[in-house]
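# Structural features, examined
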Amino acid sequence: MNSIAHRFRSARVLVIGDVMLDEYVVGTVSRICPEAPVPVLDIRSRYCSAGGAANVAMNVAGLAGTVHLVGLAGRDAAGVKLRELLLERSIPDHGIVDAGDRGTISKTRIVAGQQQICRIDHEVTADAAGPLLENLIETAKGLIESCSVLVLSDYAKGTLTARFCEVVISYARQLNKLVIVDPKSKTFTKYRGCTLITPNVAEASLAAGVTIDSEFSLHKAGKDLLDQLPGAGVLITRGPDGMALFEHRSEPVLIPTVARKLFDVVGAGDTAVATLAVALGAGLPLREAVVWANIAAGIVVEKHGTASVSPEELFGREDTTALIGNIGYRQPRAVPAVVNSENAIT
């Protein structure tokens, strides 16, 4: 495993997408407000972490890969803090384009004990346009040549517009770069030309127009998404059910989860796509890269809040050798065994 860990350090990843600041206000609740029937939080601590596409970049850095980040952030307090967090992890901030009046996307989570009781969002989600969009495109194109893998981290906050995706994906593929998309869109047409797309179950269901509630519907959705994205692979992340990989001219495979306990799924998708990008950037074949991504996601959901995975955690698991050695793939059933009149598997 030491040789793979060393190879991870050679990965050069460019992350582009909706960057944001995650703030956590943590305390205890022991009484109800006399002014209104709401809990009173006695604050014990507060802290911030990089969120959205910035969390993907932090995860790449945590795995010792070289990473650059492109996104929008303001010069407000949240933007200043976000830049500080990036620089603490040696992630350059020259790819962060000044968002001007849009400000910096921030999400403040109010937590009592282990329970999140409220979230306060500050965001502008309109598509970037005009000079701001052109600045984003030129900034991205200026960094693509130096990377081996490009990650588009879409949180539907206006950075990854249809025009941006068309121009940047086309430019990246002209330079023979791998393009991984973590989508957040009702349809995936704007991502045409990508190498791999990594929707979760809800995103895959919406884009394919198929309710995924069985292996049969999972298989159908995967095939439909392959048809939407000629030449691209589809990796559906399924939370506690693991992952499903669909490739053109190959049988789909299921990869079971490796999580031993579940605390918090916040940021698990970011960790998975970051690990996938680093593994591919290190030259690993896709199916092995998917296994590493699955292992990393299983580790991060055992932590609280937005978190990342270190090389020691990823390569130090006692069962890692077994997981990689036998890969653990299982082919899904292509058709249901018995179908009733409502097309439900019985």
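Residues numbered from 1 in each chain as written. Predicted model: local features only at pLDDT ≥ 70, side-chain atom pairs only at ≥ 80, totals over all residues. Heavy atoms only, no water.

### So, the packing of helix 4 (residues 130-144) against helix 5 (residues 162-174)
Heads up, the condition is: Under this scheme, a helix contributes an axis fitted over its contacting stretch, all axes are lines through C-alpha atoms, and angles between N-to-C directions fall in the 0 to 180 degree range. Secondary structure counts use DSSP, requiring at least four H or I residues in a row for a helix and at least two E residues in a row for a strand, with both numbered from the N terminus. In this scheme, roughly parallel covers angles under 35 degrees and roughly antiparallel covers those over 145, while 65 to 115 is roughly perpendicular and the rest are oblique. Left-handed describes a crossing whose near helix is turned anticlockwise from the far helix through less than a right angle; right-handed describes the clockwise counterpart. Any two residues having at least one pair of non-hydrogen atoms within 4.5 Å are treated as being in contact. Three residue categories are used. Nonpolar comprises Ala, Val, Leu, Ile, Met, Phe, Trp, Tyr, Cys and Pro, charged comprises Asp, Glu, Lys and Arg, and polar comprises the others, including Gly.
Put simply, helix 4 and helix 5 touch, their axes get as near as 10 Å, and they point 15° apart. The pairing of helix 4 with helix 5 is recorded here as roughly parallel in orientation. Helix-helix and strand crossings are classified by hand; for helix 4 and helix 5 the assignment is right-handed. Facing L133, E134, L136, I137, A140, K141 and I144 of helix 4, the residues of helix 5 in contact are R163, F164, V167, V168, Y171 and A172. Per-class residue counts for the contact of helix 4 with helix 5 are ten nonpolar, no polar and three charged.

### Here's the deal with the packing of helix 6 (residues 201-208) against helix 7 (residues 215-228)
Packed helices, taken two at a time, are described by the angle their axes make and the gap between the axes. Running from N to C, helix 6 and helix 7 point in directions that differ by 65°, and their axes come no closer than 9 Å. Of the two elements, helix 6 crosses helix 7, and the hand of that crossing is left-handed. Only A221, D224, L225 and Q228 of helix 7 make contact with helix 6, whose side of the interface consists of A204, A207 and A208. Broken down by class, the residue content of the contact of helix 6 with helix 7 amounts to five nonpolar, one polar and one charged.

### A short note on the sheet that holds strand 6 (residues 106-112)
The strands that make up a sheet pair up through hydrogen bonds in the backbone, lying either parallel or antiparallel. Stated precisely, the cut-off is as follows: By the convention used here, strands pair only if DSSP detects at least 2 bridges between them.
Strand order in the open sheet formed by four strands is 3-2-6-7, and the pairing between neighbours is mixed. Edge positions in the sheet fall to strand 3 (39-52) and strand 7 (115-122), since each has one partner strand and no second. Ignoring strand direction, the axes of neighbouring strands in this sheet form an average angle of 20°. Contacts from helix 2 (residues 53-62) reach strand 2 (19-32) and strand 3 within the one sheet, and its direction differs from that of strand 3 by about 70°. Helix 3 (residues 77-88) contacts strand 2, strand 3 and strand 6 of the sheet and is inclined by roughly 110° relative to strand 2.

### Description of the sheet that holds strand 13 (residues 253-255)
Here we have nine strands laid out as an open sheet, ordered 5-4-1-8-9-10-11-12-13, and mixed in their pairing. Strand pairing shows two members of the sheet lacking a second neighbour, strand 5 (96-98) and strand 13, which therefore form its edges. In this sheet, strand 11 (residues 233-237) lies alongside strand 10 (residues 196-197) in parallel orientation, the contact comprising two bridges. Counted as the bridge partner of I197 is V234 from strand 11. Contacts from helix 2 reach strand 1 (12-17), strand 4 (66-73) and strand 8 (149-153), with the element oriented near 165° to strand 4.

In short, shape yes, function no, at least from these values alone.
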